[in-house]
Amino acid sequence: MAIITMRQAISDALWEEMERDPKVFILGEEVGVWGGTYAVTKGFLDHFGEKRVRDTPIAESAIVGAGIGAAMVGLRPVSEIMTINFAFVAMDYIVNEAPKMHTMFGGQMKVPLVIRTAGGGGRQLGATHSQTPDAIFAHFPGLKVVSPGTPEDAKGLLKAAIRDDDPVLFIEHAAMYQVRGEVPEGDYTTPIGVSKVQREGDAVTIVTYCKGLQLSMAAADQLSQEGIEVEIVDLRSLRPLDMGPALASFKKTNRAVIVEEGWPSYGVGAEVATRLYEAAFDYADAPVKRVAQKEVPLPYNAALEQFALPQVADVVAAVKEVL
Amino acid sequence: MALKKKDHLELYHQMVLIRRVEERSAELYQAGKIGGFLHLYIGQEAVSTGIVSVRQPQDRIITAYRDHGLALNVGIPAKAVIAELLGKETGVSKGRGGSMHMADVEKNYWGGHAIVGAHLPIAAGMALGDQYEGNDGVTICMFGDGATNIGFFHEGVNLSKVWNLPVLWLCENNQYGMGTAVDRASAVEQIHMKAEGYGIPHSRLEDGMDIMKVREAVGAALDHIRSGKGPYFLEIMTYRFEGHSMGDPQRYREKDEVTKWEESDPIGIYNRYLVKEKIATQADLDKIDQAVETEVTEAVEFAEASPDPGFDTLFDYMYASKE
């Protein structure tokens, strides 16, 4: 297995899918001449040409709206929203158009659209450019929401998303493109809506995804030195949400910490905790604990920003609290 | 494209059918059998009938929520339209869409869309689909005057010019966006002038109550687009005789204005034209009126006798990709 970055894994998935299927094309701000603001589509324009690598105006509604229209008539577009903060500008298309076409017309229309975007804080971009609003999007039936935590999953899930007949919001983390990991050789897909145990243990169950997985893995290494072995369940998809591995793990460890980068109110942790209680209340030996961002628009100041964001130490402390 | 007598009679049939279906729908609404909103097309029949009569089968049509007329024009049976209004399983959208969401993809009719202006970027994407595949179809996107004041309009129209897409922007100016007259909502009253700002050729048809004039204007616009010159913007002046939707008290317009427009009833104009030009006799046309009465009565009976969708079908159309 090769060790590559998250950026390379995502880029490879796009490249391979475009090679495989001529109906796959990408559109978005700076995806072509610039090569992608996170350099994910570098070299694509030269290889695939302007027809399939389409620079757009800074007009998010057009980027996603046109993607929906093209998908409805048989193409397989990948609409790139530069950051998830700009997804609000295209909110109607993401939550109100794409996920409802199939239902509302009695199954006549399919929208095989992927919306790629990057979220997350920690880069001193201020409050409007540093958000993790994943739970908002996962609220809507009809949309699939995927957010990988490793290069292997990023590649496999993006390929699955492109081949999926429904709209998929694919959320990357802007601060994770340099994260490295092993990626299998050859063509493979990772199923959407299937959680995965990323690390086995018996002390506490950590349920997490995306950047939270990185924090949790680092926390697990520290805890292991103290003899505490945590089990880490990576959700990978927020909708459909597979609670199977998390529940099985909770029934084994009887304790859970949920780690996410978004705000806790109405968030992923709130959802997961409730589902654990609903399905396995009798197994709880301690209240389920959430680790998340402090409830404030993120400040620009680096120290303040880091203080507001969840850290490895917060995960370590939370695990010890439920033990 | 000259019309034979049978073609004229078919168009007259469609216009009368729209009128009668709408009148019966209003009654069904008053009787509490139709829920939600009901936006009637009465008064605008020459527009949709004229458009559909000159489009080629490869030309896609998409419209806003005032969509019953177009549904009948493209050949969706009256029984499937009325069944949809009643929310029945036999409705064109299987009871999932209702009044505002009728489509028949097989007939290249891509539906009524209910968020004002949102279908414009989607139409651009559909036109991109044809351009991408090298097809010679034109996407005809119909919308009201009110839709030209929302951001979606500008993003969609701009993108169509930037990418030289084969799309006909067809503004059906019935002079009111809900209860707000054009001059109270739009900085320019001549809506087609908005296309000037995007370098798109444009024109206005003052008499949209005359189907023959609609056919001529739309035919010329489609020829323009099909010759590879990119998008075209056509504004057609028309008038809705009823309120914005059922339950609209219409306090915003004077009785005189409504009476004046009713004198230019598109069905009356077409009737007089056919008789005067000796294309059809009044007896021919009366026969159509009677046939439509029977057709609509049977359609209502069919719809009322149809089953509601079963509870076991609730999730049937949420996702296109089945596990």
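Everything below is about the structure printed above this text.
All of these numbers come straight from a predicted model, not from anything done at the bench.

A. Representation of the overall build of chain A in the model. Counting secondary structure elements, chain A contains 12 helices and 14 strands. For 323 residues, the compact-globule formula gives about 20 Å, and the C-alpha radius of gyration of chain A, at 19 Å, lands near that figure. Its C-alpha atoms put chain A at 55 × 45 × 40 Å along the principal axes. Within chain A, the fraction of its 323 residues that count as buried is 62%.

B. Up close: helix H1 (residues 6–20) of chain A. If you check H1 of chain A, its first and last C-alpha atoms are 21 Å apart, about what 15 residues at 1.5 Å a residue would give, namely 21 Å. Within H1 of chain A, the full set of buried residues consists of Met6, Ala9, Ile10, Ser11, Ala13, Leu14, Glu17 and Met18 of chain A.

C. Up close: the pairing of strand S2 (residues 24–28) of chain A. Residue and element names in this part refer to chain A. The element S2 is largely enclosed, with a buried count of five among its five residues. Here S2 shows two buried faces, one formed by Val24, Ile26 and Gly28 and the other by Phe25 and Leu27. Bridge analysis of S2 against strand S4 (residues 76–81) gives five bridges, and the strand direction is parallel. Bridged to Gly28 within S4 is Glu80. Bridge count between S2 and strand S3 (residues 53–55): three bridges; the pairing is parallel. Paired with Leu27 across the bridge in S3 is Arg54.

D. Structural view of the pattern of salt bridges. All names here are of chain A. Applying the stated criterion to the full structure yields 37 salt bridges over all chains. Between Glu16 and Lys159 there is a salt bridge, with its nearest N and O atoms 2.9 Å apart. Here Glu16 is found in helix H1, whereas its partner Lys159 is found in helix H7 (residues 151–163), with 143 residues between them in sequence. Classification of Glu16 as partly exposed rests on a relative accessible area of 28%. Taking the shortest distance from any N to any O, the salt bridge between Lys289 and Glu321 comes out at 3.1 Å. Taken together, the residues Lys289 in strand S14 (residues 289–291) and Glu321 in helix H12 (residues 312–322) connect sequence positions 32 residues apart. The class for Lys289 is partly exposed, based on a relative accessible area of 27%.

Conventions we followed
- Residues numbered from 1 in each chain as written.
- Chains lettered and ligands numbered in written order.
- Predicted model: local features only at pLDDT ≥ 70, side-chain atom pairs only at ≥ 80, totals over all residues.
- Heavy atoms only, no water.
- Helix = DSSP H or I, 4+ residues; strand = E, 2+ residues; numbered from the N terminus.
- Rg over C-alpha atoms; globule rule 2.2 N^0.38 Å.
- Buried < 20%, exposed > 50% of the residue type's maximum accessible area, 1.4 Å probe, protein only.
- Expected span 1.5 Å × (residues − 1).
- Pairing = 2+ DSSP bridges.
- Salt bridge = Lys/Arg side-chain N within 4 Å of Asp/Glu carboxyl O.

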